[in-house]
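# Topology and contacts: notes
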Amino acid sequence: MIQSTSETILSIKDLHASVEDQEILHGVNLLVKEGEIHAIMGRNGSGKSTLSKVIAGHPSYKVLSGSIQFKGINILELAPEERARIGIFLGFQYPVEIPGVSNLEFLRVATNSRRKELLQSELDTFEFEDLVKERMKIVEMDPAFLERSVNEGFSGGEKKRNEILQMALLEPFISILDETDSGLDIDALRIVASGINKLAQPSSATILITHYQRLLDEITPDFVHIMADGKIIKTGNKELAIDLEKSGYDFIDNNKKDKEMVN
Amino acid sequence: MKSSTICREWLNSLPPTQGCLEKEQSLGRELLSKHGMPSNKDEAWRLCNFNRLNSFFSLPIINKSEDVKSKFPNKDKDSERIIINPNRNQFLNINLPNGIEKLNDKEIEENLGKIIKSTKVKNDLSVCLNQASSAKLLALKVKSSFNKSLEIVIPSIKENSISTRVFLIVEEGAKLDLLQVFLGNNNSAQNHLIEIKLESKGELTHGLISLGEEKESSSICTVAVEQSKNSQYSLHSIHHGWDYARFEPRIIQSEGEASTTIKNLQVTKSKEQIATHSLIRFEGPNGKLDQLQKAVASEYSHCIFNGSIEVPQIAQKTEAAQLSRNLLLSKHARIDAKPELEIVADDVRCTHGATVSQLQDEELFYLLSRGIDNEHANSLLLKGYYDEVISYLPKSSKKWNFVKNLMNDIK
């Protein structure tokens, strides 16, 4: 499966990571190439969100061993803001509310940070307003949300749309969307999924972290990975997610029991 | 030099009592001679930096002239401005807009001193110091016909101490947007006493910007407010850049049935100390209070908040909420927050809370994860933190450009 390195966007090898001195990731391996959509599924506590936070560089998470390369660059030495600027985007499971900070100002500053990295001219307030209003159409978001504080008082669905709006503005090479479907009703899920599909580019890739098949009905993944105990234990195609929806995660426990009996 | 000697020498240096405040001057001087300076054994002054307080007694009371008018931003079209220049004796020569009148001698005689008595600040050092040294009084009444906003600007004078006193009656049914601006100066001290009587159905939105901004500047400010039934008083204030500042809002709802809102922000850096000692007392039923106290302390500075709320037996059905939120940005900085609720009435809803924290890590990470650099992210978060108070200040406050200074100071 491994092709030339120039096509690889993200390469994770034998990644071990901990939070508050407790090891959560026990050797994750993952290869993501341009144009691919990956889904990572697994029970609560299997390490999915931890993996996303480690890739984004959250300071509470410590990498114990292994490597993460983004387009050939070792990102473990980069600060979270540097990772974002070179094109890594994390869509939060619980987007943070920041009272008093204008959503419009926040989006503009973030967009300009990325544009600077791409050697594009920074946008002034008026130029940015035109751009953001155009991108808001992708997620059918009301421009009134620009006037409010970042995520403050937004419903669950509005917060997730605001995340996808940021993705649309920052144009990352890789988007890791952590349970973007949680807390969404069917209509909101369709709008958000449609936004993600519209933003997919041949030169970029997406990792969807999800519990449920329903998001994958809207966005077809090229690969489905199942995480358990801080590792990717199985990789397949879309059929794997469908099987999982039918039979649940019990096979993980059965596999464990089998291994214990062998030992 | 001992504090008692400093106080005695200061009293001896004052000019003889005279003018419309003669009685008040005698009263203040008498009380200061009797009680002298407070010490850290007095609860209300326990955390005070007394070395800084001494500047009020060691600096000369104004003795030279300086035109400060040109330094101010232009006023808004729909606003009137009064500049209190203690050198020029302008109190008596102000062109007042329609709807604002000076109080006559009889009205002054009838009202002056009553509010500071009812709000229990009569024997406090802050008030005694002002009474002893204030020579002039700006006493105004706002009629219901007044429909502009009003600015009162009080600059201080380099290497001098000034003392000002303002008395304001907001008449029945009148509405006033008032912005007060205090500006510090190098090695200066200023003491302000503002008494406000809010008559029935009167509404006062009171913005107060208190900016030291220069080295060794000190300020003491007491705001004493008496609210009648169905009146509304909103105080939104910011205190920044003072080496030493003490702010004492004292509000009494004399019949209950009134509404009070306080949003106060104090920001310190270096070795500054800023303290707010508030008292709100309900003397009747159905009173409402919403109080938010915010502080940000960095480097080696110290912020203090003492928030008293008194709900006696008569004040049934009072609804009072006090929240003190504080940001500690350095391990050497200090914040003391003390809510003090004295509730005797049994059918009331009174809540209070105090938090001291650093900038929220998750908020910071969210901004960083969008490519915003650490310094810019911190500054966005701080601006957001300040905004909960600043956004309530009158529009004209923006012209004083203090937000930029706030952002530059705290990194």
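Please read all numbers here as calculations on a predicted model, not as lab measurements.

### So, the overall build of chain B
Counting secondary structure elements, chain B contains 10 helices and 18 strands. For 411 residues, the compact-globule formula gives about 22 Å, and the C-alpha radius of gyration of chain B, at 21 Å, lands near that figure. Taken across its 411 residues, chain B has 58% of its residues classed as buried. Counting contacts in chain B only where the partners sit at least 6 residues apart, residues at least 24 apart contribute 85% of the total. Looking at chain B as shown, the accessible area adds up to about 17,300 Å², and 44% of this sits on carbon and sulfur atoms. On chain B, the mean spot of the 53 positive side-chain charges and the mean spot of the 52 negative ones are 3 Å from each other.

### Some points on the sheet that holds strand E17 (residues 334-343) of chain B
All names here are of chain B. Overall, mixed pairing links the 9 strands, which are arranged E2-E3-E5-E7-E9-E11-E13-E15-E17 in an open sheet. Edge positions in the open sheet fall to strand E2 (100-102) and E17, since each of these has one partner strand only. This sheet shows a mean twist of 10° between the axes of neighbouring strands, independent of strand direction. Across 10 bridges, the pairing between strand E5 (residues 161-170) and strand E7 (residues 188-198) is parallel. By the bridge assignment for E7, Leu 168 is matched with Ile 196.

### Thoughts on the packing of helix H4 (residues 125-136) of chain A against helix H5 (residues 156-170) of chain A
Residue and element names in this part refer to chain A. Two elements in contact, H4 and H5, have axes separated by 10 Å at closest approach and are oriented at 125°. For the element pair H4 / H5, the angle class is oblique. The crossing of H4 and H5 is right-handed. Only Leu 165, Ala 168 and Leu 169 of H5 make contact with H4, whose side of the interface consists of Phe 128, Leu 131, Val 132, Arg 135 and Met 136. Here the residues of the contact of H4 with H5 sort into 7 nonpolar, no polar and 1 charged.

### Some details on the domain arrangement of chain B
As a measure of interface size, the accessible area lost when the parts come together is often cited. All names here are of chain B. Partitioning chain B into domains gives domain 1 (3-254) and domain 2 (361-411). Put simply, the middle of domain 1 and the middle of domain 2, counted by C-alpha atoms, are 30 Å apart. Counting from both sides, the interface comprises 21 residues of domain 1 and, opposite them, 13 residues of domain 2. On the domain 1 side of the contact with domain 2, His 236, Ile 238 and His 240 bury the most area, a combined 33% of that side's loss.

### Description of H4(A)
Along its 12 residues, H4(A) runs 16 Å from first to last C-alpha, staying within 8% of the 16 Å computed at 1.5 Å per residue. Capping of H4(A) at its N-terminal end is provided by Asp124(A); its side-chain oxygen lies 3.1 Å from the backbone amide nitrogen of Phe126(A).

### Side note on the packing of aromatic side chains
Geometry of an aromatic ring pair is reported as the spacing of the ring centres plus the angle between the planes. Going through the model one piece at a time under the given rule, you end up with 6 aromatic pairs over all chains. Summarising the aromatic geometry, the rings of Phe70(A) and Phe173(A) are spaced 6.4 Å apart at their centres and angled 45° between planes, so their arrangement reads as tilted. Of the two residues, Phe70(A) is situated in strand E4 (residues 61-70) and Phe173(A) in the loop between H5 and strand E9 (174-178); the sequence distance between them amounts to 103 residues. Ring geometry for Phe92(A) versus Phe365(B): centroids 5.9 Å apart, planes at 50°, classification tilted. Pair noted here: Phe92(A) is in the loop between strand E6 (88-91) and strand E7 (98-102) and Phe365(B) is in helix H8 (residues 361-368), and the two residues belong to different chains. This pair shows no difference in class: Phe92(A) is buried, exactly as Phe365(B) is. An aromatic cluster of at least three residues, connected via ring pairs, comprises Phe92(A), Phe106(A), Phe365(B) and Tyr366(B). Across from the ring centre of Tyr392(B), 4.7 Å away, lies the NZ or CZ of Lys263(B), which sits over that ring. For Arg370(B), the ring lying beneath its charged end belongs to Tyr366(B), and the centroid distance is 5.0 Å.

### Notes on the packing of helix H3 (residues 103-117) of chain A against H5(A)
Residues and elements named next belong to chain A. Contact pair H3 / H5: the axes reach a minimum separation of 9 Å and the direction vectors enclose 35°. Where H3 crosses over H5, the two elements pack in a sense that is right-handed. Within the contact between the two elements, H3 uses Asn 103, Phe 106, Leu 107, Ala 110, Thr 111 and Arg 114 and H5 uses Asn 162, Leu 165, Gln 166, Leu 169 and Leu 170. Split into classes, the residues belonging to the contact of H3 with H5 amount to 6 nonpolar, 4 polar and 1 charged.

### Considering the interface of chain B and chain A
Contact with chain B, which involves 17 residues of that partner, is made by 30 residues of chain A. Between chain B and chain A, a total of about 1,900 Å² is buried, with carbon and sulfur atoms accounting for 69% of that surface. Summed over the three residues of chain B that lose the most area to chain A, namely Phe365(B), Tyr366(B) and Arg370(B), the buried surface amounts to 42% of that side. For the pair chain B and chain A, the interface holds 1 salt bridge. Its salt-bridge partner being Glu163(A), residue Arg370(B) comes within 2.8 Å of it at the nearest N-O pair.

### As for the side chain of Lys141(B)
Residues and elements named next belong to chain B. Looking at the secondary structure, you find Lys 141 in strand E3 (residues 138-142). Of the residues examined, Lys 141 reaches a relative accessible area of 11% and is grouped as buried. In this structure the side chain of Lys 141 is engaged in a polar contact, spanning 2.7 Å, whose partner is the side chain of Glu 107. Not counting residues within four places of it along the chain, the set of residues in contact with Lys 141 comprises Gly 99, Ile 100, Glu 101, Lys 102, Leu 103, Glu 107, Ile 169 and Glu 171.

### Observations regarding the pairing of strand E10 (residues 232-240) of chain B
Where a strand is regular, its side chains alternate between the two sheet faces. Residues and elements named next belong to chain B. With 8 of 9 residues buried, E10 lies mostly within the body of the structure. Both strand E8 (residues 203-211) and E10 contribute to a ladder of 9 bridges, which runs parallel. What sits directly across from Leu 208, in E10, is Ser 237. Pairing of E10 with strand E12 (residues 259-268) involves 9 bridges; the strand directions are parallel. Counterpart to His 239 in the pairing with E12 is Gln 266.

### A short note on the environment of Ser308(B)
All names here are of chain B. Structurally, Ser 308 can be placed in strand E15 (residues 302-311). Aside from chain neighbours lying at most four places away, what touches Ser 308 is Ser 278, Leu 279, Ile 280, Gln 322 and Glu 340. One polar contact links Ser 308 to Glu 340, side chain to side chain, over a distance of 3.4 Å.

### Concerning the pattern of salt bridges
Side chains that carry opposite charge are capable of pairing whenever their charged atoms lie near each other. All names here are of chain B. This structure, assessed with the given rule, holds 27 salt bridges over all chains. The partner of Lys 294 in a salt bridge is Glu 388, and the shortest N-O contact between them spans 2.6 Å. Of the two residues, Lys 294 is situated in strand E14 (residues 288-297) and Glu 388 in helix H9 (residues 374-390); the sequence distance between them amounts to 94 residues. For the salt bridge of Lys 317 with Asp 347, the shortest nitrogen-to-oxygen distance reads 2.9 Å. Taken together, the positions of Lys 317 in the loop between E15 and strand E16 (319-328) and Asp 347 in the loop between E17 and strand E18 (349-357) put the pair 30 residues apart, joining distant regions of the chain. What makes Lys 317 partly exposed here is its relative accessible area of 49%.

### Some thoughts on the sheet that holds E9(A)
Residues and elements named next belong to chain A. The 6 strands lie next to each other as E6-E9-E10-E3-E11-E12, forming an open sheet whose pairing is mixed. The open sheet has two edge strands with one neighbour each: E6 and strand E12 (231-236). When the angles between neighbouring strand axes are averaged without regard to direction, this sheet yields 20°. Where E6 and E9 come together, 4 bridges link them in parallel fashion. Bridge pairing in E9 places Phe 89 opposite Ser 175.

Rules used throughout
- Residues numbered from 1 in each chain as written.
- Chains lettered and ligands numbered in written order.
- Predicted model: local features only at pLDDT ≥ 70, side-chain atom pairs only at ≥ 80, totals over all residues.
- Heavy atoms only, no water.
- Helix = DSSP H or I, 4+ residues; strand = E, 2+ residues; numbered from the N terminus.
- Rg over C-alpha atoms; globule rule 2.2 N^0.38 Å.
- Buried < 20%, exposed > 50% of the residue type's maximum accessible area, 1.4 Å probe, protein only.
- Contact = heavy atoms within 4.5 Å.
- Areas by Shrake-Rupley, 256 points an atom, 1.4 Å probe, with all protein chains shown as cover.
- Lys, Arg positive; Asp, Glu negative; His and termini not counted.
- Charge placed at Lys NZ, Arg CZ, Asp CG, Glu CD.
- Pairing = 2+ DSSP bridges.
- Axes fitted to C-alpha atoms, helices over the stretch in contact; angles between N-to-C directions.
- Parallel < 35°, antiparallel > 145°, perpendicular 65-115°, else oblique.
- Left-handed = near helix turned anticlockwise from the far one by under 90°.
- Nonpolar A, V, L, I, M, F, W, Y, C, P; charged D, E, K, R; others polar.
- Domains from an automatic or database assignment.
- Buried area = accessible area lost by both parts, 1.4 Å probe.
- Expected span 1.5 Å × (residues − 1).
- Polar contact = N/O pair within 3.5 Å; in protein donor to acceptor, adjacent residues only side chain to side chain.
- Phe/Tyr/Trp six-rings, centres within 6.5 Å; stacked < 30°, edge-to-face > 60°.
- Lys NZ or Arg CZ within 6 Å of the ring centre and 35° of its normal.
- Salt bridge = Lys/Arg side-chain N within 4 Å of Asp/Glu carboxyl O.

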